[in-house]
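# Structure at a glance
Residue strings, one per chain:
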Amino acid sequence: MKLLIFDRVRLRLSLNYLAVISLMLLVFAVGVRILFDRILHQKIIDRLSVVAENAIDNVELDEDRLMFDRELTDRHRMNLSIPVLSPEDNLELFDFKGNQLSKLGKLDADLPLSFQNFQQVRSGDPRFQYVTLPLVENKTNRTVGYLRASHSLAAIDASLHKLDLGLIGGIGLTLLFSSGGAIWLTTQAMKPAEDSFQQLQQFTADASHELRSPLMAIVSNTRVALKYPAGIRAGDIDKFQSIESAAMQMRRLTEDLLWLARNNGNADRSPTEIVDLGKILADAIDSHQAIADLKQIKIKCNVVENLLVLGDELQLQRVLTNLIENAIFYNRIGGSIEIEIQRSRRSILVRIEDTGIGIATEHLPKIFDRFWRADTSRIQWEGGSGLGLAIVKDIITRHHGRIEVTSHKNLGSCFTIQLPISDLNNV
Ligand SMILES: Nc1ncnc2c1ncn2[C@@H]1O[C@H](COP(=O)(O)OP(=O)(O)OP(=O)(O)O)[C@@H](O)[C@H]1O
Ligand SMILES: [Mg+2]
């Protein structure tokens with residue numbers, strides 16, 4: 001027997017596990033990326049600083065005008081290698097106002113000189129890294145100009161691109177293996193819980209089943225005794241009636257527990273019968289008319305038959321019976337119930353609205369919990385166990401439907417169920 005609830009928990013655990021792994025991998029990848037970028041950049045900056053410092057000796061100041069010395073310009077003009085400069089480098093000379101005076105190097109790396117940032121980066125393709133050194137005249141100690149060395153970052157960008165691809169590929173592969181691992185791990189972790197849950201369910205089912213016969217024996221014997229009251233002392237009749245009603249209540253409880261233990265979360269079978277929900281509803285109303293009359297409750301209904309859904313007739317009867325019972329038991333004397341069934345494009349809607357005690361807003365999220373009953377309900381009806389709506393919700397979920405409730409304390413409640421339509425409705 002496969003349990004839906006465990007499948008959901010397994011899926012949620014696996015997804016959480018994958019989310020944590022993804023987050024860790026992302027942080028790791030971003031960290032590696034930033035670190036590599038910084039290291040490679042720093043290497044270029046260090047090298048450009050050395051280039052600029054070495055080139056300072058080749059700068060001359062002639063009548064307030066800065067220029068590269070002859071040796072450097074000659075070598076450059078004759079296309080000879082300059083010891084301080086690689087083909088990826090540029091060397092520029094600026095006056096103290098930031099006007100470019102001369103440039104050595106073939107790369108197109110123009111960028112206005114910045115007096116604030118001596119380690120500029122120019123974006124674009126390729127990017128460029130610049131390192132600027134101020135040229136200070138020894139005698140007067142004044143800045144007479146600037147020497148700027150630059151280098152294309154194309155090689156670094158290519159390396160970083162490869163690193164990005166490697167990281168993305170690595171993360172993708174790791175996540176693929178991790179998903180397999182996550183499914184295996186969560187299955188292993190859930191197995192003991194799943195086993196003990198199934199044992200508990202089996203125990204509940206067995207216990208409820210075993211309790212059925214003795215309870216039926218109590219009920220039938222009490223009924224026989226009550227049928228011939230002559231043999232009972234007059235004061236004991238009440239006691240026999242209480243025994244019968246308590247035994248009936250327990251019987252109902254064991255039936256509900258048995259149903260929940262056998263069906264709850266069981267994903268094996270989906271309902272496949274085609275049933276007429278309108279007819280089930282009409283029958284359920286008929287069979288409750290007498291109890292409603294006892295409480296002088298008026299049932300106004302607008303029920304049409306031949307509204308087909310894919311479902312299990314007994315289970316749907318149980319749903320409608322419980323909702324109608326609730327609308328009667330938790331109603332006031334002389335109140336009313338409005339029941340309607342209608343077909344929308346994709347579903348069939350059943351609405352059961354009463355003028356009863358209502359449910360406080362803070363209690364609404366709890367009403368589908370097992371054994372939950374509002375304190376006020378015990379005064380209205382002692383026979384309930386609080387399992388009815390839990391069973392209703394379970395059945396509706398198994399039918400791929402939805403149940404909604406709106407309620408106002410002391411004014412009334414409205415339960416709406418929505419079940420997917422069967423294709424035969426369109427025939
Ligand atoms: N129409 C309603 N009006 C007011 N309260 C309601 C209504 N329907 C349900 N409730 C509240 O929700 C609780 C749970 O309902 P549920 O049908 O699950 O159990 P129950 O009616 O107490 O017992 P049983 O298991 O026999 O149906 C009720 O005890 C009651 O407090
Ligand atoms: Mg009920």
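Notes on the structure in this doc start here. All values derive from a computational prediction rather than experimental measurement. (Residues numbered from 1 in each chain as written. Chains lettered and ligands numbered in written order. Predicted model: local features only at pLDDT ≥ 70, side-chain atom pairs only at ≥ 80, totals over all residues. Heavy atoms only, no water.)

Note on helix geometry: an α-helix contains 3.6 residues per turn, so any two residues three or four positions apart are oriented the same way. With 27 residues, helix α4 (residues 237-263) extends 39 Å between its outermost C-alpha atoms, agreeing within 8% with the 39 Å of an ideal straight helix rising 1.5 Å per residue. Buried within α4 are the following residues: E244, A247, T254, D256, L258, W259, L260, A261 and N263. Looking at the packing, one finds that the buried side of α4 touches α3 (154-227), α6 (313-329) and α8 (388-398). (Helix = DSSP H or I, 4+ residues; strand = E, 2+ residues; numbered from the N terminus. Expected span 1.5 Å × (residues − 1). Buried < 20%, exposed > 50% of the residue type's maximum accessible area, 1.4 Å probe, protein only. Contact = heavy atoms within 4.5 Å.)

Inspection of every chain in the model, using the stated rule, returns 19 salt bridges. Residue E194 is joined to R10 by a salt bridge in which the shortest nitrogen-to-oxygen separation is 3.2 Å. With E194 in helix α3 and R10 in helix α1 (residues 4-56), the pair connects residues that are 184 residues apart, well separated along the chain. Here R10 falls in the buried class, since its relative accessible area comes to 15%. (Salt bridge = Lys/Arg side-chain N within 4 Å of Asp/Glu carboxyl O.)

Another aspect to go through is the nonpolar core. Ranked by size, the top nonpolar core spans 42 residues in total, and within it L277, L323 and F415 carry the most contacts. Counting residues per element, the ones that place at least two in this core are α4, α5 (277-294), α6, β11 (336-343), β12 (347-354), α8, β13 (402-408) and β14 (412-420). Considering each element in turn, this core owes the most residues, seven residues, to α6. Sequence-distant contacts of F415, that is, excluding residues within four places in its chain, are made with L323, V350, R351, I352, I359, I367, F368, L389, I403, E404 and V405. Among the nonpolar cores identified, the runner-up in size contains 30 residues, and F68, L93, L135 and I171 belong to it. (Core = buried A, V, L, I, M, F, W, Y, C linked by side-chain atoms within 4.5 Å.)

As a structural note, the neighbourhood of ligand 1 is formed by 21 residues, with Y330, R373, S377, G388 and L389 the closest of them. Here S385 contributes a backbone N or O atom positioned 3.1 Å from an oxygen atom of ligand 1. Between ligand 1 and L387 there is a distance of 2.9 Å, counted from an oxygen atom to a backbone nitrogen or oxygen. When isolated, ligand 1 has an accessible area of 590 Å², and the protein chains bury 100% of it. The pocket occupied by ligand 1, as judged from atoms lying within 2 Å of grid points, is the largest pocket. (Near = heavy atom within 4 Å. Polar contact = N/O pair within 3.5 Å; in protein donor to acceptor, adjacent residues only side chain to side chain. Areas by Shrake-Rupley, 256 points an atom, 1.4 Å probe, with all protein chains shown as cover. 1 Å grid on protein atoms, 1.4 Å probe; cavity = no way out; pocket = protein on both sides within 12 Å on 5 of 7 lines; lining within 4 Å. Sits in = over half its atoms within 2 Å of the grid points.)

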